[in-house]
Amino acid sequence: MAQIIDGKALSKEIRLELTEEVAQMKEEQGIVPGLAVVLVGEDPASTVYVRNKEKACGEVGMYSEVYRLPKETSEEDVLLLISKLNEDSKIHGILVQLPVPDHIDESKVLNNIDPKKDVDGFHPVNVGKLFSGEDAFVPCTPLGVMEMLHRNNVEIKGKEAVIIGRSNIVGKPMAALLLQEHATVTICHSRTADLKAHAKNADILVVATGRANMVTGDMVKPGATVIDVGINRVDDVLVGDVNFEEAKEVAGLITPVPGGVGPMTITMLLKNTLKAAKIS
Ligand code: NAD
């Protein structure tokens with residue numbers, strides 16, 4: 001039976017470390033790391049995410065500002081706000097909560113964030129740096145997965161890593177990070193011909209598809225590390241993309257949903273904000 005990676009406990013441990021670092025920065029340099037979060041519209045899930053981000057900042061002693069803009073806000077006004085935040089010395093990190101309403105061009109907004117304040121790691125400059133192996137802001141979810149692997153002493157070098165899902169937010173940056181640490185990386189997606197054969201070959205299997213319970217026990221290599229990024233609501237219960245009950249019988253290490261990757265994501269946002277404050 002697999003050992004379960006407790007993302008909540010790990011997250012708590014890292015937030016304590018961050019709290020100390022923030023206090024030290026304040027004392028030694030008089031700098032309080034600051035995050036600005038921009039939310040356009042009232043999407044219920046986004047509203048909850050933004051509230052959690054604001055709360056998390058407060059808990060580790062960081063400064064935060066949240067801009068809750070009505071859904072009909074023009075693209076021009078959002079861009080103006082970003083320019084202002086780019087110049088604001090109290091703000092080290094800027095995050096625009098996605099998705100934005102249809103009349104706003106998402107990439108235009110993201111491309112206008114100063115890459116040095118791009119704590120979500122979505123700006124093309126940071127994406128390019130990540131893929132060429134330079135120091136960059138890395139998207140929070142894959143960064144959190146790496147932290148989970150490291151803190152559980154999972155060997156990466158020379159291992160077969162298979163990622164199911166090729167989104168810009170999870171799958172692609174995940175591949176870059178694992179490659180950087182010398183894994184042999186395979187990226188699978190909805191048009192992959194024989195998903196099971198690839199998955200079964202993985203020493204490290206990262207699943208980010210948004211398809212509830214799609215990875216079954218017979219797709220997992222005995223002893224593999226299984227990281228489930230998926231968050232799906234089925235009959236009002238949160239489940240991952242991995243059939244946890246089946247996979248835990250085969251895997252060596254596995255993350256649960258909820259309480260796995262989820263809590264790590266906001267923690268990595270805090271870590272990126274501290275990094276941005278250091279850069280400034
Ligand atoms: P996305 O919809 O942008 O991408 C999904 C990917 O999965 C696509 O590349 C697609 O090709 C692939 N896919 C879909 N069905 C497939 C199938 N049957 N077989 C193989 N590949 C398939 O999603 P995303 O933004 O990467 O998010 C994926 C999941 O992770 C969602 O459930 C999302 O809620 C969750 N998520 C969680 C966190 C977190 O903090 N834990 C963060 C981001 C996303």
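No experiment lies behind these values; they were computed from the predicted model shown.

A. Structural view of the overall build of the protein. Check the secondary structure of the protein and you find 10 helices and 11 strands. Taking 280 residues into account, the globule formula puts the C-alpha radius of gyration at 19 Å, and the protein, at 19 Å, falls close to it. Summarising its shape, the C-alpha atoms of the protein cover approximately 50 × 45 × 40 Å along the three principal directions. Put simply, the protein has 280 residues, and 49% of those count as buried. When contacts within the protein are restricted to residue pairs at least 6 apart in sequence, long-range pairs at least 24 apart make up 70% of them. Working note: accessible area of the protein is about 13300 Å², and carbon and sulfur atoms make up 51% of it.

B. Seen up close, the sheet that holds strand β8 (residues 225–228). Overall, parallel pairing links the 6 strands, which are arranged β1-β11-β8-β7-β5-β6 in an open sheet. Lying at the two open borders of the sheet, with one neighbouring strand each, are β1 (3–4) and β6 (184–188). Where β1 and strand β11 (residues 253–254) come together, 2 bridges link them in parallel fashion. Bridge pairing in β11 places Ile4 opposite Ile254.

C. Looking closely at the domain arrangement of the protein. Entries for the protein in the domain assignment read domain 1 (30–114) and domain 2 (140–262). Computed from C-alpha atoms alone, the centre-to-centre distance between domain 1 and domain 2 is 29 Å.

D. Broad picture of helix α2 (residues 44–59). Relative to the 22 Å expected for 16 residues at 1.5 Å per residue, α2 spans 23 Å between its end C-alpha atoms, a close match to the ideal helical length. Within α2, burial applies to Ser46, Val50, Lys53, Ala56 and Cys57. The arc that holds every buried residue of α2, seen down its axis, measures 125°, which confines them to one face. Exposed and facing more than 90 degrees away from the buried side of α2 are Pro44 and Lys55.

E. Geometry of the site of the ligand. Lining the immediate surroundings of the ligand are 21 residues, of which Arg166, Ser167, Ser190, Ile231 and Thr265 lie closest. Between the ligand and the protein, one listed contact pairs a nitrogen atom with a backbone N or O atom of His189 at 3.5 Å. The separation between a nitrogen atom of the ligand and a polar side-chain atom of Arg211 is 3.2 Å. Considering the ligand on its own, with 860 Å² of exposed area, one finds that the protein chains cover 71% of that surface. With 3 residues, the single largest contributor to the shell around the ligand is helix α10 (residues 261–279). Class assignment for the residues of the shell around the ligand results in 8 nonpolar, 11 polar and 2 charged.

F. Local environment of the layout of surface pockets. The calculated volume of the second largest pocket comes to roughly 260 Å³. Elements with a minimum of two residues in the lining of the second largest pocket: α4 (106–111), α5 (124–131) and α7 (171–180). Counting residues per element, the lining of the second largest pocket draws most heavily on α5, which supplies 3 residues. Of the residues that constitute the lining of the second largest pocket, the class distribution is 9 nonpolar, 2 polar and 2 charged. When residues of the lining of the second largest pocket are sorted by domain, at least three fall in each of domain 1 (30–114) and domain 2 (140–262).

G. Broad picture of the environment of Asn232. The residue Asn232 is located in strand β9 (residues 232–234) in this model. By relative accessible area, which is 9% here, Asn232 ends up buried. As for Asn232 and Met268, which are separated by 36 residues in sequence, their C-alpha atoms are 21 Å apart. In this structure, Asn232 is in contact with Gly210, Arg211, Ala212, Val237, Leu238, Val239, Gly240 and Asp241, ignoring residues within four places of it in sequence. A distance of 3.1 Å separates a polar atom in the side chain of Asn232 from the backbone oxygen of Gly240.

Rules behind the numbers
- Residues numbered from 1 in each chain as written.
- Predicted model: local features only at pLDDT ≥ 70, side-chain atom pairs only at ≥ 80, totals over all residues.
- Heavy atoms only, no water.
- Helix = DSSP H or I, 4+ residues; strand = E, 2+ residues; numbered from the N terminus.
- Rg over C-alpha atoms; globule rule 2.2 N^0.38 Å.
- Buried < 20%, exposed > 50% of the residue type's maximum accessible area, 1.4 Å probe, protein only.
- Contact = heavy atoms within 4.5 Å.
- Areas by Shrake-Rupley, 256 points an atom, 1.4 Å probe, with all protein chains shown as cover.
- Pairing = 2+ DSSP bridges.
- Domains from an automatic or database assignment.
- Expected span 1.5 Å × (residues − 1).
- Arc of directions from axis to C-beta.
- Near = heavy atom within 4 Å.
- Polar contact = N/O pair within 3.5 Å; in protein donor to acceptor, adjacent residues only side chain to side chain.
- Nonpolar A, V, L, I, M, F, W, Y, C, P; charged D, E, K, R; others polar.
- 1 Å grid on protein atoms, 1.4 Å probe; cavity = no way out; pocket = protein on both sides within 12 Å on 5 of 7 lines; lining within 4 Å.
- Points joined across faces, edges and corners; volume = space filled by probe spheres on them.

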